[in-house]
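Architecture at a glance
Each chain is listed here by its residues.
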Amino acid sequence: GNSVTQMEGPVTLSEEAFLTINCTYTATGYPSLFWYVQYPGEGLQLLLKATKADDKGSNKGFEATYRKETTSFHLEKGSVQVSDSAVYFCALSDQRTGRRALTFGSGTRLQVQP
Amino acid sequence: SQTIHQWPATLVQPVGSPLSLECTVEGTSNPNLYWYRQAAGRGLQLLFYSVGIGQISSEVPQNLSASRPQDRQFILSSKKLLLSDSGFYLCAWSLTERSYNSPLHFGNGTRLTVT
């Protein structure tokens, strides 16, 4: 079945540091890939997405590139801020399974210190 | 614009009591609807999803059930809560068209503590 693997957290960085959160996936076909962010006590918000190989999703300074050859969708940001502290989830949707729901990774907590 | 409402925000219930969590969506028709659970320090587990009124798909056998009595209303229920039902419950919706590429839009969640 489909699965998503994320690096374990917490990831602790100083403000303005470079961020990478790794995400790899296993899927039966050619999934769409998503990154979501969850701030404390809130639901999840869509951060960015990519629907086919080599697509790059970007939003709010975050980027992720759909790499079919390495089955990866790593999240990056060049300079993090304290306000980026949150839990980040990688997710996929695979049409071939016929399952109209996203499969999520376990989440990676990011802590940015001033 | 579309909005999703989920209530209550927090709930403390004793073991063996019933549960009813409600979720409504406004500003769209015939959405796909979802219930996820997030256990403490863990990822999201899909519990139920629905592609139409009265159509419920259950992902895992459990102590919970879901119903969709109206197009934009999704209810999560239990007749008798267990301690293991504690967690953060999230309702979400997505567009029916191109649903495999459509993102999910989440409510703010309900934090359930079973004591």
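Quick summary incoming for the structure in this document. Model, not experiment: these values are computed from the prediction. (Residues numbered from 1 in each chain as written. Chains lettered and ligands numbered in written order. Predicted model: local features only at pLDDT ≥ 70, side-chain atom pairs only at ≥ 80, totals over all residues. Heavy atoms only, no water.)

1. Description of the pattern of salt bridges
Residues and elements named next belong to chain B. For the structure on display, the rule yields 5 salt bridges over all chains. Note that Arg37 is salt-bridged to Asp85, the shortest N-O span being 3.8 Å. Of the two residues, Arg37 sits in strand E4 (residues 32-38) while Asp85 sits in the loop between strand E8 (73-78) and strand E9 (87-94), which places them 48 residues apart along the sequence. Overall, the relative accessible area of 3% leaves Asp85 in the buried class. Between Arg68 and Asp71 there is a salt bridge, with its nearest N and O atoms 3.3 Å apart. Of the residues examined, Asp71 reaches a relative accessible area of 22% and is grouped as partly exposed. (Salt bridge = Lys/Arg side-chain N within 4 Å of Asp/Glu carboxyl O. Helix = DSSP H or I, 4+ residues; strand = E, 2+ residues; numbered from the N terminus. Buried < 20%, exposed > 50% of the residue type's maximum accessible area, 1.4 Å probe, protein only.)

2. Some remarks on the interface of chain A and chain B
Contact residues are listed per partner, giving 23 residues for chain A and 23 residues for chain B. Together chain A and chain B conceal approximately 1900 Å² of surface at their shared face, both sides included; 54% is due to carbon and sulfur atoms. Inspection of the chain A/chain B interface yields 0 salt bridges. Counting across the chain A and chain B interface gives 3 residue pairs in polar contact (both at pLDDT 80 or more). (Contact = heavy atoms within 4.5 Å. Buried area = accessible area lost by both parts, 1.4 Å probe. Polar contact = N/O pair within 3.5 Å; in protein donor to acceptor, adjacent residues only side chain to side chain.)

3. Observations regarding the pairing of strand E6 (residues 44-50) of chain A
All names here are of chain A. Of the strand pairs in this sheet, strand E5 (residues 32-38) and E6 are connected by 6 bridges, and their pairing is antiparallel. Paired with Trp35 across the strands is Leu48, a residue of E6. Counting the residues in the hairpin turn of E5 and E6 gives 5 residues, including Gly41, whose phi is positive at 75°. (Pairing = 2+ DSSP bridges.)

4. With respect to the sheet that holds strand E1 (residues 3-7) of chain B
All names here are of chain B. Judged by pairing direction, the sheet is antiparallel, and its 4 strands sit side by side in the order E1-E3-E8-E7 without closing on themselves. The sheet is open, and its two borders are formed by E1 and strand E7 (65-70), each paired with just one other strand. Between one strand and the next, the sheet's axes are offset by a mean angle of 20°, whatever the strand orientation. (Axes fitted to C-alpha atoms, helices over the stretch in contact; angles between N-to-C directions.)

5. What to know about the environment of Gly43 of chain B
Residue placement: Gly43 of chain B occurs in the loop between E4 and strand E5 (44-52). Using a relative accessible area of 17% as the deciding quantity, one classes Gly43 of chain B as buried. Distance in space between the C-alpha atoms of Gly43 of chain B and Thr10 of chain B is 19 Å, their sequence separation being 33 residues. Among all residues touching Gly43 of chain B, those that are not within four sequence positions of it are Phe89, Gly105 and Ser106 of chain A together with Arg37 and Gln38 of chain B.

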